[in-house]
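Per-entry structural report
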Amino acid sequence: MTKGLWVTLSTMFKTIFLPKKHLLTVNYPKEKETPVPRARGVIALDQEACTVCMLCARQCPDWCIYIEGHKEEQAPAEPGGRIKVRAELDRFDIDYALCMYCGICVEVCPFDALFWSPEYEFSEEHMGDMLHDKDRLQGWLATVPDAPALEQ
Amino acid sequence: MPDFVVNLFDNFWVALGGKLALVALMIPMIGMAIGFAEMKLSAKMQHRMGPYFAGGRWGWAQLIADGVKFFQKEDLIPEEADRPVFKIAPIFVLMGTVALFVVIPFGPGLIFRDLSVGVFYALAISSISTIGILMAGWSSANKYSLMGGLRAAGQLIAYELPLVLAVVGSIILAGTMSMSGIVEAQIDAGYPYVIFQVVGFAVFMIASLAELSRIPFDMPIAESELVMGYLTEYTGFRFLFFFLAEFANMFTLSAIAVTLFLGGYWLPGIPADTLEFAGPVILLGKVFILVFAMIWFRWTFPRFREDQLQTLAWKWLIPIALANIMITATLKVFL
Amino acid sequence: MVMDQDVARHLSDASVSVELETADMTLNIGPQHPSTHGVLRLVARVDGERAYDLKPVIGYMHRGYEKLSEVRTYPQITTLVNRIDWVSGYANEIPFVVAAEKLMELEVPERAQYIRLILTEMARISSHLVFMASYPLELGAATPLFFALRERERVLDLIESVTGGRFHPNFNRIGGVKPAYGSGSSTRKMVQDLPAGFFSETRKAMDEVLNAVDELESLVAGNEIILIRTKGIGVLPPEVAASYGVSGPNLRASGVGFDLRRVERYLPYEDFDFEIPVGENGDCWDRWWVRLREIRQSASIVQQAIDGIPAGPLQAKVPKVIKVPAGETYVRAENPKGEMGYYLVSDGASGPYRLKIRSASFSNISILPWILEGVLVPDIIAIMGSLDFVLGDVDR
């Protein structure tokens, strides 16, 4: 029984006098812990790479990705050539209130247009604001970390 | 002091009003200070920080904020509850604590009312809190509160006896039951009574932990089983009474222990004329040490089961306290 | 099924009258309670402090996993399944992917198996640390909570550095573990192998976990109050445990040395050297003590696995759209809570036809009416805590 008393007393003195090592709580919001680079915080979109193939929307278990697009014709490279048809993205919304943060959409995209970013502070006061449209998703791209080095 | 103030306070009613105001001021202050100390110390024992946001870096305003929060909560009374009993119960509990405050000697002559049966009065009045707890448990039409109230009744009554028997040794050594009389007897003898009454002191501390319903004896509250026991249905202002009463009671029972066993407001080596000013400081220092021990025990130990608690009281503490009385009385007569 | 006389009894007892009869009362240790590990409801007849005739009422947390699985594809189910027993997230996915791989007759690469094993043992450490934190809290001691959760943070950070998620890793794929973000071939595709520094971080973390376990042992095991509250309480004889289907550390605490890691071949446990801790009496103390020793064994397995991990691919060759051939199979694994099994019935589509989940906690709490008969109310809490069940696991 005295061992238990000693443990609590010594913890108390260690936390008061040596806080760097022993104080475990972080003074949020003044100090923040940085998550690891692979942490699944929010999904970023690279609109240039997206070809509106709809694979992510189909594979999402919650059906929280809303995509609309249309086909545009581009002028042929030389006169008389083939008219190229390109898909343009009109709407790409992810509803983060429904999102499970599972990552299937990121994994399944054949054109590497979606990326994970460890940002986690995007809480809103209205639930409708949790629907991020394509410009906001493009904005998250800046926070995507580079590929981390791998273990040998 | 200017003459007219002294003459004013000679009037019985003015003095009474002044004393009441002082008591009413001190109890919440002490309650909040001890509550804050508990939050900070328990946090440090668990690698945490404790309150730090309210009131700047140290978080000293945390309990004031808590008090304001409790004040502005809705006053809910369950429909099936017994309304008059429900409302009076917190008052009984706080009354026991406030009444105890009256006989604590803060310095030579600095006592609210020096009763010649001070110890007897203190121990008797502290039992009123028991009735308050029972009333709280029974009147909140809630089976959990009922169980908490019954457990509290059993526990508090069982631990009244060791509490009372433990102090008899000190009374025998001092020869008087008045609280300031016991402190003066320790000053005359030159040593605090704890040196001879170690057993009595230990029994008193254990019994006072049980009277306060603190872990390891907090079966009546038993947060993880009965969701606050007899306190379950109390919200807002009424809960604040119980909350304050617990912390203020920690102070008063520790102060009684300090007075009876540790020498009260006196330290060996301090000249008698400075005791008027240094006395309260010394008393607060000693009380703080005891309160720290109570906080330390609370966060280290788990709780006893009800029957183990009762076994401890009836089979161990009461015989030890009785033996203590017999040995002290015998030695006092023959030495 | 609640019978009519019970309904009548509940209704008559619903209001507490001022003149209370001193006969027994029906106490509802209700769904909202600090110690029932979720929303478990126990309806008990209490006489003074003793409880008789307990009936657990479950289903408050039923989320319909088995029905959901019928309309999802295999990769989607992996993301759902780790939410069954949310305390040990990774371990729930393993039997499911092993079942699918068994039906597809896939060979999982060695490196993937080793990574799965490391993460499963970390999930076991994490789950047992939650037990170490919450069990003394139910008995009243508040301090081991913080000590154990501090260590759990280290383990969760490790899991997060590999998989990206702390509680719901979603790292298993049919045929191995997750190879990369994105299926394209751009330079921004990120391979999901173990990150740099993982080995050294893990070794450090395991050492610290072992230190903390020693500290917890001295804080809790030396405390006489905890000993008198757990020794001899809730004794579960091995025959009764086996007949009710109790599994995992609860069964091993009763003296039965049965561990699915040695019996079934779903991960390469035979390459490692570890003991199976077994208890003697089957009381609450033994259940605590078995779990403490299991943390030590898991830490040692992780350290051995890191030293011996082979290089290689992370996933076997599987088509883009995974269709499992028709058939049925049952795969069971040693979850931290007990035996978890998935019975997979497939008819060749991209999702299962029927997935039946045998969860550990459901069978573990089936002994509650037997073990809690005639027990004092505080002991009910002690025994329920020592069985270490999670309501998500019970109700699925």
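Along each chain, residues carry numbers from 1 onward, in the same order as the chain's sequence is written. As they are written, the chains are lettered A onward and the ligands numbered 1 onward, keeping that order. In keeping with the predicted nature of the model, local features appear solely for residues at pLDDT of at least 70, side-chain atom pairs appear and are counted solely at 80 or more, and the whole-chain, interface and lining totals rest on all residues.

**Section: the overall build of chain A**
Selection criterion: Only DSSP runs of H or I with at least four residues qualify as helices, and only runs of E with at least two residues qualify as strands; both kinds are numbered from the N terminus onward. Exposure criterion: with C-beta atoms placed from backbone coordinates, a residue whose C-beta has 20 or more other C-beta atoms within 10 Å is buried, one with 12 or fewer is exposed, and one in between is partly exposed. Residues are treated as contacting if the C-beta atoms built from their backbones sit within 7 Å of each other.
Scanning chain A for helices and strands turns up five helices and five strands. Along the chain direction, N to C, the helices and strands of chain A fall in the order α-α-β-α-β-β-α-β-β-α. A buried classification covers 23% of the 152 residues belonging to chain A. Long-range pairs, those at least 24 residues apart, make up 72% of the contacts in chain A with a sequence separation of at least 6.

**Observations concerning the overall build of chain C**
When its secondary structure is counted, chain C shows 16 helices and eleven strands. The burial tally for chain C puts 51% of its 396 residues in the buried class. Partitioning the contacts of chain C with sequence separation of at least 6, the portion at a separation of at least 24 is 71%.

**Let's talk about helix α5 (residues 110–139) of chain C**
Residues and elements named next belong to chain C. Put simply, the rule reads: Helices are assigned an expected span. That span is 1.5 Å times one less than the residue count.
Here α5 is 30 residues long and its end C-alpha atoms lie 44 Å apart, about the 44 Å a rise of 1.5 Å per residue gives. Most of α5 sits out of view: 25 of its 30 residues are buried. Gly140 sits one or two residues past α5 and shows a positive phi near 120°.

**Remarks on the pairing of strand β1 (residues 42–45) of chain A**
Residue and element names in this part refer to chain A. To keep things clear, this is the line we draw: Paired strands are those between which DSSP finds at least two bridges.
Side chains Val42 and Ala44 project from β1 onto one buried face, and the interleaved Ile43 and Leu45 project onto a second face that is buried too. With four bridges joining them, β1 and strand β4 (residues 114–117) adopt antiparallel strand pairing. By the bridge assignment for β4, Ile43 is matched with Trp116.

**Remarks on the nonpolar core**
The tendency in soluble globular proteins is for nonpolar side chains to be buried as a group. We apply this condition: A set of buried Ala, Val, Leu, Ile, Met, Phe, Trp, Tyr and Cys residues, joined to one another through C-beta atoms within 7 Å, is what we call a nonpolar core.
If you look at the biggest cluster of nonpolar residues, it comprises 196 residues, and the most contacted ones within it are B:Ala207, B:Phe251, B:Ala257, C:Ala100, C:Leu119 and C:Met122. Among the elements that make up this core, the one with the highest residue count is helix α11 (residues 236–262) of chain B (18 residues). B:Ala207 has contacts with B:Tyr159, B:Pro162, B:Leu163, B:Ala166 and B:Leu317, leaving out every residue within four places of it along the chain. In terms of nonpolar packing, the next biggest core, distinct from the first, is built from 21 residues, A:Val42, A:Ile43, A:Leu45 and A:Cys60 among them.

**Description of the interface of chain B and chain A**
Definition in use: For this classification, the nonpolar set comprises Ala, Val, Leu, Ile, Met, Phe, Trp, Tyr, Cys and Pro, the charged set comprises Asp, Glu, Lys and Arg, and every other residue, Gly included, is treated as polar.
The interface of chain B with chain A comprises ten residues on the first partner and 13 residues on the second. At the level of elements, α2 (12–45) and α12 (275–300) of chain B are the ones that each hand at least two residues to the side of chain B that touches chain A. Here the side of chain B that touches chain A is built from residues that sort into six nonpolar, two polar and two charged.

**Notes on the domain arrangement of chain A**
For clarity, the threshold we go by: Those domain boundaries reflect an automatic or database domain assignment.
As far as domains go, chain A holds domain 1 (1–33) and domain 2 (36–143). For domain 1 of chain A versus domain 2 of chain A, the distance between C-alpha centres works out to 44 Å.

**Topic: the pairing of strand β9 (residues 338–346) of chain C**
On a regular strand, one side chain projects to one face of the sheet and the next to the other, so that they alternate. Residue and element names in this part refer to chain C. In terms of residue burial, β9 counts as a mostly covered element, since seven of its nine residues are buried. For strand β8 (residues 327–335) and β9, the ladder comprises nine bridges, and the chain directions are antiparallel. Note that in β9 the partner of Glu334 across the bridge is Glu339. Here β8 folds back onto β9, and the loop between the two strands holds two residues. Pairing of β9 with strand β10 (residues 354–358), which is carried by five bridges, proceeds in the antiparallel orientation.

**A word on the environment of C:Glu138**
Structurally, C:Glu138 is set in helix α5. Once the C-alpha coordinates of C:Glu138 and C:Arg287 are considered, the two residues, 149 residues apart in sequence, prove to be 15 Å apart.

**Digging into the packing of helix α7 (residues 143–174) of chain B against helix α9 (residues 198–211) of chain B**
All names here are of chain B. Rule in force here: The angle between two axes is taken between their N-to-C directions and runs from 0 to 180 degrees, where each axis is a line fitted to C-alpha atoms and a helix contributes only its stretch in contact. Working definition: roughly parallel below 35 degrees, roughly antiparallel above 145 degrees, roughly perpendicular at 65 to 115 degrees, and oblique for all remaining angles. Two helices that cross are described as forming a left-handed crossing if the nearer one is turned anticlockwise from the farther one by less than a right angle, and a right-handed crossing if clockwise.
At their nearest, the axes of α7 and α9 sit 8 Å apart, and the two run at 155° to each other. By the criterion of interaxial angle, the relationship of α7 to α9 is roughly antiparallel. Where α7 crosses over α9, the handedness of that crossing is left-handed. When α7 is examined against α9, the residues Gln155, Leu156, Tyr159, Pro162, Leu163, Ala166, Val167, Gly169 and Ser170 are found in contact with a partner set consisting of Gly200, Val203, Phe204, Ala207, Ser208, Ala210 and Glu211. Looking at side-chain class alone, the contact of α7 with α9 contains ten nonpolar, five polar and one charged residues.

**Some remarks on helix α7 (residues 198–221) of chain C**
Because the α-helix completes a turn every 3.6 residues, residues three or four places apart line up on one side. Helix length check: α7(C) (24 residues) gives 33 Å between terminal C-alpha atoms against 34 Å at 1.5 Å per residue, within 8%. Listed in full, the buried residues belonging to α7(C) are C:Thr202, C:Ala205, C:Met206, C:Val209, C:Val213, C:Leu216, C:Leu219 and C:Val220.

**So, the confidence of the model for chain A**
Applied cut-off: Within a predicted model, pLDDT stands for the predictor's per-residue confidence, ranging from 0 to 100.
Residues with a pLDDT of 70 or more make up 89% of chain A, whose mean pLDDT is 79. At the low end of the mean pLDDT range in chain A sits helix α2 (residues 19–22) of chain A, at 68; at the high end sits helix α3 (residues 55–59) of chain A, at 86.

**A few points about the sheet that holds strand β3 (residues 84–95) of chain A**
Residues and elements named next belong to chain A. Taken together, three strands build an open sheet; the order of strands is β2-β3-β5 and the sheet is antiparallel. Where the open sheet ends on each side, the last strands, each with one partner, are β2 (65–74) and β5 (131–132). One ladder, built from ten bridges, connects β2 with β3; its direction is antiparallel. The residue of β3 that forms the bridge with Glu72 is Arg86.

**Section: the sheet that holds strand β11 (residues 375–376) of chain C**
Residue and element names in this part refer to chain C. Spatial ordering of the open sheet is given by β1-β2-β3-β11, a layout of four strands whose pairing is antiparallel. One side of each edge strand has no neighbouring strand; the edge strands of this open sheet are β1 (25–29) and β11. In this structure, strand β3 (residues 50–57) lies alongside β11, joined through two bridges in antiparallel fashion. Following the sheet pairing, Arg50 is matched in β11 by Leu376.

**Re unusual backbone geometry**
With a phi angle near 55°, A:Trp63 is a residue other than glycine that sits in the positive phi range. Relative to the helices and strands, A:Trp63 resides in the loop between α3 and β2. On the basis of neighbour counts, which here come to 11 C-beta atoms within 10 Å, the residue A:Trp63 falls in the exposed class. Even without being a glycine, C:Asp53 presents a positive backbone phi close to 60°. Its location among the elements puts C:Asp53 in strand β3. On the basis of neighbour counts, which here come to 15 C-beta atoms within 10 Å, the residue C:Asp53 falls in the partly exposed class.

**Comments concerning the environment of C:Ile118**
Locating C:Ile118 in the fold gives a position in helix α5. When sequence neighbours within four positions are dropped, the list of residues in contact with C:Ile118 reads C:Val302, C:Ala305 and C:Ile306.

**Observations concerning the confidence of the model for chain C**
Scored by pLDDT, chain C comes out at a mean of 82, with 89% of its residues at no less than 70. The ipTM, which scores confidence in the relative placement of chains, is 0.80 for this predicted complex, and the corresponding pTM is 0.84.

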